[in-house]
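# Breakdown of the fold
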Amino acid sequence: MNTKEYIQNLRDELREHNYNYYVLDNPTISDFDFDSKLKELQDLEAKHPEFYDANSPSLRVGGEVTKNFNTVVHEHRMYSLDNSYSLEDLQDWEARIKKMVDGPIQYTCELKYDGASISLTYENGSLLRAVTRGDGMQGDEVTANIKTIKSVPLQLKGSYPAKFDIRGEIVLPFEGFNKMNEERIDIGEEPYRNPRNTASGSLKLQDSAEVAKRPLECLLYNITGDNLGIATQMESLEKARQMGFKVPEAAKLANSIDQVLAFVNYWDTERHNLPYETDGVVVKVNDLQQQEELGYTAKAPRWAMAYKFKAEQVSTRLNSISYQVGRTGAITPVANLEPVELAGTTVKRASLHNSDQIEKLDVRVGDEVFVEKGGEIIPKIIAVDFTKRPSDSQPTQYITHCPECNTPLERLEGEAKHFCPNYTGCKPQIVGRIQHYISRKAMDIEGLGGETVALLVSAGLITNYADLYTLTKEQVMPLERMAEKSAENLVNGIAASKQIPFERVLFALGIRYVGETVAKKLAKHYKSIDAIAKASQEELVNVDEIGIKIAESVLAFFASEENIHTIEKLRSFGVQLEVSAEKLANQTNKLENQIFVVSGVFETVSRTELKKLIEDNGGKVSSSISAKTSFIVAGDKMGPSKKAKAEKLGVPLITEQEFLQKVL
Ligand SMILES: [Zn+2]
C-alpha cells in the first residue's frame, strides 16, 4: 500500500468510528485508540500536504477563523411552518388539504427540536457548504464551524444523489449545556440562558476551534433536491440514515389525525426524557407527490404543520425578591415564588438574572408571574400577568447596598450585574472564595466540604484560604456534626493539598476569568507566582490566549495588599507557588519571544518532539509562515510553496541540527 492509500484508509477508518460514536451512539474503539489513530493521520497529513482533503476527519478540531460570514442564497427556500395548538387546528388543516388532493393521506410525525436550523449541501458525497436559515431566502455560510460537529458527515456512506440539500437542526444537549455553564460559573462568568440560543450563537463564532469544544449535535430531517428517487418523507428519513446522517428515531407514520394526536400526546410527556429540548411535533403529508400538488402559501408549505406542545409554563405568585452575593461579589436577584408544580418538580425559586431583566419584565412583588422551565437547572420568569396586578403595586426598586455587608453596590461599564466591592469583609465572598479553593478541580481537599467552610468562617476560625493551614483538630472538633475522626481527616486533607501542583493552586486562588485552562497557560509561561505578579499588562496579553480582560483581572488581583499577604501566608505553609523543579529541569526560556514554523520530515526527533522542545524552551510554534516568524525548522521534503514564502518574507531556514544546537 502506498502512502496515499494508507492515508485514505486511515481517514475511512476514523470516519467510521466517528459515525459509530456520534451518530449511532455505539463506539467500537476506545477513546485512546481513536486519539492515537487521529494523531497518526495528523502527522501523516502534515508530512504530505499534497494529499490534503478538505473533508479529512483530522479537520474536526477546527482552527479556521472566519471574520465575516458570507451570505449565501438558498437554492431551495427554507420555509417556516404554520403552527397549530389543538386537535381542532389539525382537523381544520386536514379538511383544507383533503379538498386539494385525491385519495387517502398519510402523515409523518416527527419531533420538533429546539435549536438552530441549518441547510447542508452535499456534492458527490462530500459536504460542500453549510448555511444558516437566515430569513429563509438567504443565510450565512458557516461551513468551517459545522465541520467541527462530529455527527455531521463530511463524506457520505453508500449511494447518494449527485447533489442535494439536507435540512436539520443544530442542538446543544442539556448535559453539555449544563457542563458549559458550570465552567462559566467557575470563572465568574454569567451562565448562558438556554441551549437554543447557545447553539445558534455557536454557529456564528469566528474561531472554529471554539465551536469544536462545544458538544453540539446535528439532527437531520429533510432532503431536498432534484431527481432524488424518493417517494415519501419516511423514505427520505431512511435514505438520510443510510447516507450516515443522524436522523432521530422518533419519526412515525400516521393514517389519521387521531393517530397524529396519539403521537403528540405520547411525546408531550415522554419528551422530558430526551437529551435535547423539543417544543412540538412536525406533521407532514408523507407522499411527496401529494406534497407537490399541495404546494406553498406565501410563507409556508401547505403540506406541513407544526404542532406546538403547550409550554411547560405555570403562573404563580411572586412572594419576594432576594439577592444573592457570589464569590466574585456579583449580585443575582432571585424570585421567591409560591410553590407550584412544573414539569414534574416543585418550583419555589426562579432566576431574575440582573436589574435590567427586572426592569424589562417590570416584575413586582405580589405579581402573578409566568414561570417556564427549559433545560436550565433554575426555572425562569418569562412574563407578568398584568391583569392580576394589585392596584397598590409599586415598581421594584433594585437594591443599592449589599444585602450581606451593606456596602454600596457598583456596576461597571458594560457589565450586566451589580457588584459588592467589599472584597475582604463581605461574608459570602469570603466563604465563596474558600469554597472555590477547596473544590475538586482546584485543591481538591478531602474531608472538607462547602458547608463546613461556612461554619469555619462563621466561627471566626478562618477569614481566607491561607488560614485553612492553621486549623488544628482541637479547633475544628466543636463544630456541628464534627467527630474526632472527621476532624482528623479534615486537617490531614488540608495538609495533603500542599502537594497540589502550581497550575492548580493558581486556579484555586479564584482570580476572576482565570479558569483551569488560563491557569495552565500562565503557569507554563511564567513558572511562578512571583513572575506573574510582576508581569505588566502588556506582557500578559502577549501570552498565548490571554486577552485584555484576563490581564486586567490578574493585575487587579495582585494589586491588592490583602491578596499579596494571603499568598505570602500560603508560601510560609509550603503550598506550591512555582512549577516544581522536576518539571522545570526540562524547561528553559532560551527561545523566548521566538516563533517557529516546523516543516518537512526530520531524522533525529519527530515533529511532535520538535514542537515540544520549542515550547519547553519558551518558544512558540505556529502553523503558517508570516513576517512574525523567527525561524523555519526545515526538514527533508519541505514544500516548495513554503520555501518560496519564507524567501519572500526573509524568514531564515535552519536545519534540524542547527535547531538542536540552540536548545541542547
Ligand atoms: Zn457585600
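Please refer to the structure placed before this passage.
As a starting point, this report considers the structure included with it. (Residues numbered from 1 in each chain as written. Predicted model: local features only at pLDDT ≥ 70, side-chain atom pairs only at ≥ 80, totals over all residues. Heavy atoms only, no water.)

### Looking at the overall build of the protein
The secondary structure content of the protein amounts to 25 helices and 20 strands. Seen through its C-alpha atoms, the protein measures out along the principal axes to roughly 85 × 80 × 45 Å. When contacts within the protein are restricted to residue pairs at least 6 apart in sequence, long-range pairs at least 24 apart make up 68% of them. Summed over all atoms, the accessible surface of the protein reaches about 33100 Å², with 49% contributed by carbon and sulfur. (Helix = DSSP H or I, 4+ residues; strand = E, 2+ residues; numbered from the N terminus. Contact = heavy atoms within 4.5 Å. Areas by Shrake-Rupley, 256 points an atom, 1.4 Å probe, with all protein chains shown as cover.)

### Regarding the pattern of salt bridges
Scanning the entire structure with this criterion turns up 33 salt bridges. The salt bridge involving Lys39 is made with Asp43; its shortest N-O contact spans 2.9 Å. Placement of both Lys39 and Asp43 in helix 2 (residues 31-47) is noted, with a separation of four residues, approximately one turn of the helix. Using a relative accessible area of 27% as the deciding quantity, one classes Asp43 as partly exposed. (Salt bridge = Lys/Arg side-chain N within 4 Å of Asp/Glu carboxyl O. Buried < 20%, exposed > 50% of the residue type's maximum accessible area, 1.4 Å probe, protein only.)

### Points about the coordination of the zinc ion
With distances of 2.2 to 2.3 Å, the protein atoms coordinating the zinc ion are Cys402 (SG), Cys405 (SG), Cys420 (SG) and Cys426 (SG). Coordination at the zinc ion is tetrahedral, judged from the four donor atoms that bind it and the angles of 99 to 115° they form at the metal. Of note, the zinc ion draws all its donor residues from one chain, in the sequence arrangement C-x2-C-x14-C-x5-C. Note that Cys405 is positioned in the loop between strand 16 (380-384) and helix 12 (427-438) and Cys420 in the loop between strand 16 and helix 12, a separation of 15 residues in sequence. With relative accessibility at 22%, the residue Cys405 sits in the partly exposed group. Overall, the relative accessible area of 4% leaves Cys420 in the buried class. (Donors = N, O, S within 2.8 Å, 3.2 Å for Na, K, Ca; no water. Tetrahedral: all angles 85-135°; square planar, octahedral: opposite > 155°, others 65-115°.)

### Points about the pairing of strand 19 (residues 631-634)
Residue alternation in strand 19 divides its side chains into two sets, Phe631 and Val633 and Ile632 and Ala634, and both sets are buried. Two elements, strand 17 (residues 595-599) and strand 19, share four bridges in a ladder whose sense is parallel. When the sheet's bridge partners are listed, Val597 is paired in strand 19 with Ile632. Inspection of the sheet shows strand 19 paired to strand 20 (residues 653-654) by two bridges, in the parallel sense. Note that in strand 20 the partner of Ile632 across the bridge is Leu653. With helix 24 (residues 640-649) bridging strand 19 and its parallel neighbour strand 20, the resulting β-α-β unit is right-handed. (Pairing = 2+ DSSP bridges. Right-handed = clockwise from strand over helix to strand, strands pointing away.)

### Overview of unusual backbone geometry
Even without a glycine there, the phi angle at Asp362 is positive, about 50°. Here Asp362 lies in the loop between helix 11 (355-361) and strand 15 (368-372). One non-glycine residue, Arg481, lies in the positive phi region at around 55°. Counting through the fold element by element, Arg481 comes out in the loop between helix 14 (473-476) and helix 15 (484-496).

### So, the packing of aromatic side chains
Within this structure, the stated rule accounts for 16 aromatic pairs. A centroid spacing of 5.6 Å and a plane angle of 50° characterise the contact between Trp93 and Tyr107, whose relative ring orientation is tilted. Residue Trp93 is located in helix 3 (residues 87-98), and its partner Tyr107 is located in strand 3 (residues 107-113); the two are separated by 14 residues in the primary sequence. On the basis of relative accessibility, which here comes to 0%, the residue Tyr107 falls in the buried class. Between Tyr122 and Phe245 the ring centres are 5.2 Å apart and the planes differ by 85°, which places this aromatic pair in the edge-to-face class. Pair noted here: Tyr122 is in strand 4 (residues 116-123) and Phe245 is in the loop between helix 8 (233-242) and strand 9 (252-254), with a separation of 123 residues, a long-range link. This pair shows no difference in class: Tyr122 is buried, exactly as Phe245 is. Three or more aromatic residues link up through ring pairs in this structure, and these residues are Tyr79, Tyr296 and Trp303. Across the ring face of Tyr19, the terminal group of Lys157 is positioned such that the distance to the ring centre comes to 4.1 Å. (Phe/Tyr/Trp six-rings, centres within 6.5 Å; stacked < 30°, edge-to-face > 60°. Lys NZ or Arg CZ within 6 Å of the ring centre and 35° of its normal.)

### Regarding helix 13 (residues 450-458)
Within helix 13 the residues assigned to the buried category are Thr452, Val453, Leu456 and Val457. When helix 13 is viewed along its axis, its buried side chains cluster within an angular range of 140° and face the same direction. Buried residues along helix 13 sit in contact with helix 12 and helix 15. Phi turns positive, to about 75°, at Gly460, one or two residues after helix 13. (Arc of directions from axis to C-beta.)

### A look at the nonpolar core
Core analysis: the biggest nonpolar cluster contains 55 residues, and Tyr437, Leu468, Leu506 and Leu522 have the highest contact counts within it. Put simply, the parts of the chain that give this core at least two residues each are helix 12, helix 13, helix 15, helix 16 (502-508), helix 17 (516-526), helix 18 (529-534), helix 20 (548-559) and helix 21 (561-573). Residues in contact with Leu506, not counting those within four places in the same chain, are Ile511, Ala519, Leu522, Ala523, Ile529 and Ile532. One finds Ile149, Leu154, Phe164 and Ile170 within the second-largest nonpolar core, a separate group that totals 34 residues. (Core = buried A, V, L, I, M, F, W, Y, C linked by side-chain atoms within 4.5 Å.)

### A word on the packing of helix 12 against helix 13
Orientation of helix 12 relative to helix 13, taken along the N-to-C sense of each, is 135°, at an axis distance of 9 Å. By the criterion of interaxial angle, the relationship of helix 12 to helix 13 is oblique. Helix 13 is crossed by helix 12, and the crossing has right-handed handedness. Taken together, the residues of helix 13 that come into contact with helix 12 (itself represented by Lys427, Ile430, Val431, Ile434, Gln435 and Ile438) are Gly450, Glu451, Val453, Ala454, Val457 and Ser458. When grouped by side-chain class, the residues that make up the contact of helix 12 with helix 13 number seven nonpolar, three polar and two charged. (Axes fitted to C-alpha atoms, helices over the stretch in contact; angles between N-to-C directions. Parallel < 35°, antiparallel > 145°, perpendicular 65-115°, else oblique. Left-handed = near helix turned anticlockwise from the far one by under 90°. Nonpolar A, V, L, I, M, F, W, Y, C, P; charged D, E, K, R; others polar.)

### Digging into the side chain of Thr198
Its location among the elements puts Thr198 in helix 6 (residues 195-203). Assessed through its relative accessible area of 5%, Thr198 is described here as buried. The residues contacting Thr198, other than those within four sequence positions of it, are Leu172, Phe177, Met180, Tyr192 and Arg214.

### Looking at the pairing of strand 17
Among the five residues in strand 17, five count as buried, and that is most of the element. Residue alternation in strand 17 divides its side chains into two sets, Ile595, Val597 and Ser599 and Phe596 and Val598, and both sets are buried. Taken together, the three bridges between strand 17 and strand 18 (residues 620-622) define a ladder with parallel strand orientation. Among the inter-strand pairings, Ile595 is bridged to a residue of strand 18, identified as Lys620.

### Here we look at the sheet that holds strand 8 (residues 217-224)
In space, the four strands of this open sheet follow the order 5-4-7-8, with antiparallel pairing throughout. The open sheet has two edge strands, strand 5 (126-132) and strand 8, and neither has a second partner. Strand-to-strand twist of the sheet, defined as the mean angle between neighbouring strand axes without regard to direction, takes the value 30°. In the sheet, strand 4 pairs with strand 5 via six bridges, with the strands oriented antiparallel. What sits directly across from Leu120, in strand 5, is Ala130. The strands touched by helix 8 within the sheet are strand 7 (163-171) and strand 8, with strand 8 carrying the most contacts at an inclination of about 130°.

Don't take any of this as a statement about function, it's just geometry.
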